[in-house]
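Here is what each chain is made of, one letter per residue.
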Amino acid sequence: MGSRVGLPIAHSHKHVFGAGKAGNGPSVVLLTQPGHWTLGILANNVWSVAGSGSRPDVNQFLFQYFINYNLKKGWHVTWQPTLTANWEATNGNRWTVPFGGGVGRIMKIGYQPVSLTAQFYGNAVHPQGTPAWGMRLQIAFLFPKLTKEQQEMLLEKKLKQMEQQQPQKN
C-alpha cells in the first residue's frame, strides 16, 4: 500500500449540541500506511458559536489515534480510542481517557464489501457519573473504486454465477 500522509488543516465542522447550541471548529487528520499497518491521528476542537443563552457554552476537544495491523484473510487488530476533554468542566471532570482495542474483518455480504469491527475500552480517566467502560460494534459499507480490469473480472464472475444458477434444459 505504501505510505500516505494527508493533512487537511482548519477544516470546519458544524455541530448542534443538545437542544440549542451550534458549534464550529478545526479538524486535523494525519495518516500513513507502511506495510501491514495503518497509523494516524484525528484531532478537533469545537466551540459554541450560537444558540440559547440559557445553555452552557461548549468547548470540546477530541483526539483519536488509530493503529491497525492487517492480518490474513481480511482480519485486523485495531486500537482506536477516542480521548475527549470538556474544557468548560472542572478539572476532575474534564477528561475521558480510554484504553483497549479490538478485532475486525473486511469481507463481503453478497457482493457488498463491508468492514465489521468489535472493540472494548476501559476508561482510565472519566468524569464523575459517566461509564467506566465502553464497547464499539461497527459495520461500515465499503464502496471501492475499481479499475476497468477489476470491473471486467467482477462482471465475468457474476455472469458465470448466473449461468450456473440457470436451470438445465433437457
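All of these numbers come straight from a predicted model, not from anything done at the bench.

A closer look at the overall build of the protein
Of regular secondary structure, the protein possesses 1 helix and 9 strands. The order of helices and strands in the protein, counted from the N terminus, is β-β-β-β-β-β-β-β-β-α. The buried share of the protein, reckoned over its 170 residues, is 24%.

With respect to the confidence of the model for the protein
Across the protein, the average pLDDT comes to 87, with 86% of residues at 70 or higher. At the low end of the mean pLDDT range in the protein sits strand β1 (residues 11-17), at 51; at the high end sits strand β5 (residues 75-79), at 97.

Some remarks on the environment of A50
Along the polypeptide, A50 turns up in strand β3 (residues 37-51). Looking at A50, the relative accessible area reads 41%, which means it is partly exposed. Residues A50 and A22 lie 28 residues apart in sequence; the distance between their C-alpha atoms is 5.3 Å.

Details of the pairing of strand β6 (residues 82-86)
In β6, alternate side chains face the same way, and those of L83 and A85 are buried while those of T82, T84 and N86 on the opposite face are not. Judged from the 5 bridges that link them, strand β4 (residues 59-70) and β6 form a sheet pairing that is antiparallel. The partner of F61 across the bridge, within β6, is A85. Direction of pairing for β6 relative to strand β7 (residues 95-109): antiparallel, over a ladder of 2 bridges. Looking at β7, one finds that T84 is bridged to T96.

As for the pairing of strand β2 (residues 21-32)
In this sheet, β3 lies alongside β2 in antiparallel orientation, the contact comprising 10 bridges. Bridging across to β3, K21 finds its partner in G51.

Let's talk about unusual backbone geometry
One non-glycine residue, K73, lies in positive phi territory at about 60°. Considering the arrangement of structural elements, one finds K73 in the loop between β4 and β5. Taking the relative accessible area as the measure of exposure, K73 reaches 71% and is therefore exposed.

Thoughts on the side chain of S115
By the element assignment, S115 lies in strand β8 (residues 112-125). Here S115 falls in the buried class, since its relative accessible area comes to 13%. If near-sequence neighbours (up to four positions away) are discounted, S115 is found in contact with H76, R105, I106, Q138, I139, A140 and L142.

Overview of the packing of aromatic side chains
The description of an aromatic ring pair rests on the distance of the ring centres and on the angle between the ring planes. Overall, the coordinates contain 5 aromatic pairs when judged by the stated rule. With a centroid separation of 6.2 Å and 75° between ring planes, the pair formed by F61 and W95 is classed as edge-to-face. Separated by 34 residues along the polypeptide, F61 in strand β4 and W95 in strand β7 bring together distant segments of the chain. On the accessibility criterion, F61 (22% relative accessible area) is partly exposed. Among the aromatic residues, those joined into a cluster by ring pairs are F61, W87 and W95. A cation over a ring is seen here: K158 above Y111, with NZ or CZ 4.7 Å from the ring centre.

Thresholds applied
Sequence order sets the numbering: in each chain, residues are counted from 1 along the sequence as written. The model is predicted, so local features are restricted to residues of pLDDT at least 70 and side-chain atom pairs to those at 80 or more, both for listing and for counting; the totals for chains, interfaces and linings are taken over all residues. Calculated side-chain values reflect all of the structure's heavy atoms, with hydrogen atoms and water omitted. A run of H or I in DSSP counts as a helix once it spans at least four residues, and a run of E counts as a strand once it spans at least two, with each numbered from the N terminus. Remark: exposure states derive from per-residue accessible area (1.4 Å probe, protein chains only) relative to the maximum for the residue type, with buried under 20%, exposed over 50%, and partly exposed in between. Scored between 0 and 100, pLDDT is the confidence that the predictor attaches to each residue. Here a strand pair is declared whenever DSSP counts at least two bridges between the two strands. Whether two residues are in contact is decided by their heavy atoms: any pair within 4.5 Å suffices. Between the rings of Phe, Tyr and Trp (Trp by its six-membered ring), a pair exists once the centres lie within 6.5 Å; its type follows the angle of the planes, with under 30 degrees stacked, over 60 edge-to-face, and the other angles tilted. Our definition puts a charge over a ring when NZ of Lys or CZ of Arg is within 6 Å of the ring centre and also within 35 degrees of the ring normal.

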